[in-house]
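Chain residues, written in single-letter form:
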Amino acid sequence: RKMREKSLRPAYTVHQFYHTEGICQRIARSDVFDLMSMCVIMANTVWLSIEADVGPDTSASVVEIPWMFKLVESVFCTYFVCE
């Protein structure tokens, strides 16, 4: 009986808690936004592995870290904050 009740319930989606009007809810419901976020997350995991292999020593000060590492980390941080 419980299985039947579970199968008859609508699937859970966080979208049901979003507002119904406005640009932010339209962006958050967008398939393009979902895909872009997944791609950025995957790129971030690849970058973390690259940084772990060839990145600067963890004891290096911020001044000693090459600009490329600072730039990429800033881009990811900015995207995730805005997301």
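Values in this document were obtained by computation on a predicted structure and should not be read as measured data.

Caption draft 1: Structural context of the packing of aromatic side chains. Evaluated as defined, the whole model comprises 3 aromatic pairs. Aromatic pair Trp47 and Phe69: ring centres 5.4 Å apart, planes at 45°, arrangement tilted. Linking Trp47 in helix α3 (residues 31-54) with Phe69 in helix α4 (residues 67-82), this pair joins segments that are 22 residues apart in sequence. Ring geometry for Tyr79 and Phe80: centres 5.8 Å apart, planes at 75°, overall edge-to-face. Among the residues examined, Tyr79 registers a relative accessible area of 18% and is labelled buried.

Caption draft 2: Structural view of a nonpolar patch on the surface. There is a patch of nonpolar side chains on the surface, built from Trp67, Met68, Leu71 and Val75 and spanning about 450 Å² of accessible area. Within the element layout of this structure, Val75 appears in helix α4.

Caption draft 3: Representation of the nonpolar core in the model. Of all hydrophobic cores here, the largest spans 7 residues; its members are Phe33, Val40, Trp47, Phe69, Val72, Phe76 and Tyr79. Contributing elements (two or more residues each) for this core: α3 and α4. Looking at this core element by element, the count peaks at 4 residues for α4.

Caption draft 4: Seen up close, the state of the cysteines. Applying the stated criterion to the full structure yields 0 disulfides. The thiol of Cys39 is not disulfide-bonded; the next cysteine sulfur, from Cys82, is found 18 Å away. A disulfide-free cysteine, Cys77 has its sulfur positioned 9.1 Å from the sulfur of Cys82, the nearest such atom. The exposure class of Cys77 is partly exposed, given its relative accessible area of 46%.

Caption draft 5: Representation of the packing of α3 against α4 in the model. In the contact formed by α3 and α4, the axes pass within 11 Å of each other and the chain directions differ by 150°. Taken together, α3 and α4 sit at an angle that is classed as roughly antiparallel. In the packing of α3 onto α4, the handedness of the crossing is left-handed. For the pair α3 and α4, the contacting residues are Phe33, Met36, Ser37, Val40, Ile41, Ala43, Asn44, Trp47, Leu48, Glu51 and Val54 in the first and Met68, Phe69, Val72, Glu73, Phe76, Tyr79 and Phe80 in the second. Residues belonging to the contact of α3 with α4 are distributed by class as follows: 14 nonpolar, 2 polar and 2 charged.

Caption draft 6: Representation of α3 in the model. Relative to the 34 Å expected for 24 residues at 1.5 Å per residue, α3 spans 34 Å between its end C-alpha atoms, a close match to the ideal helical length. For α3, the complete set of buried residues consists of Phe33, Ser37, Val40, Asn44 and Trp47. Structurally, α3 contributes buried residues whose contacts are with α2 (23-29) and α4.

Rules and cut-offs
- Residues numbered from 1 in each chain as written.
- Predicted model: local features only at pLDDT ≥ 70, side-chain atom pairs only at ≥ 80, totals over all residues.
- Heavy atoms only, no water.
- Phe/Tyr/Trp six-rings, centres within 6.5 Å; stacked < 30°, edge-to-face > 60°.
- Helix = DSSP H or I, 4+ residues; strand = E, 2+ residues; numbered from the N terminus.
- Buried < 20%, exposed > 50% of the residue type's maximum accessible area, 1.4 Å probe, protein only.
- Patch = residues over 30% accessible without salt bridge, like charges linked within 9 Å, V, L, I, M, F, W, Y side chains within 5 Å.
- Areas by Shrake-Rupley, 256 points an atom, 1.4 Å probe, with all protein chains shown as cover.
- Salt bridge = Lys/Arg side-chain N within 4 Å of Asp/Glu carboxyl O.
- Core = buried A, V, L, I, M, F, W, Y, C linked by side-chain atoms within 4.5 Å.
- Disulfide = S-S within 2.5 Å.
- Axes fitted to C-alpha atoms, helices over the stretch in contact; angles between N-to-C directions.
- Parallel < 35°, antiparallel > 145°, perpendicular 65-115°, else oblique.
- Left-handed = near helix turned anticlockwise from the far one by under 90°.
- Contact = heavy atoms within 4.5 Å.
- Nonpolar A, V, L, I, M, F, W, Y, C, P; charged D, E, K, R; others polar.
- Expected span 1.5 Å × (residues − 1).

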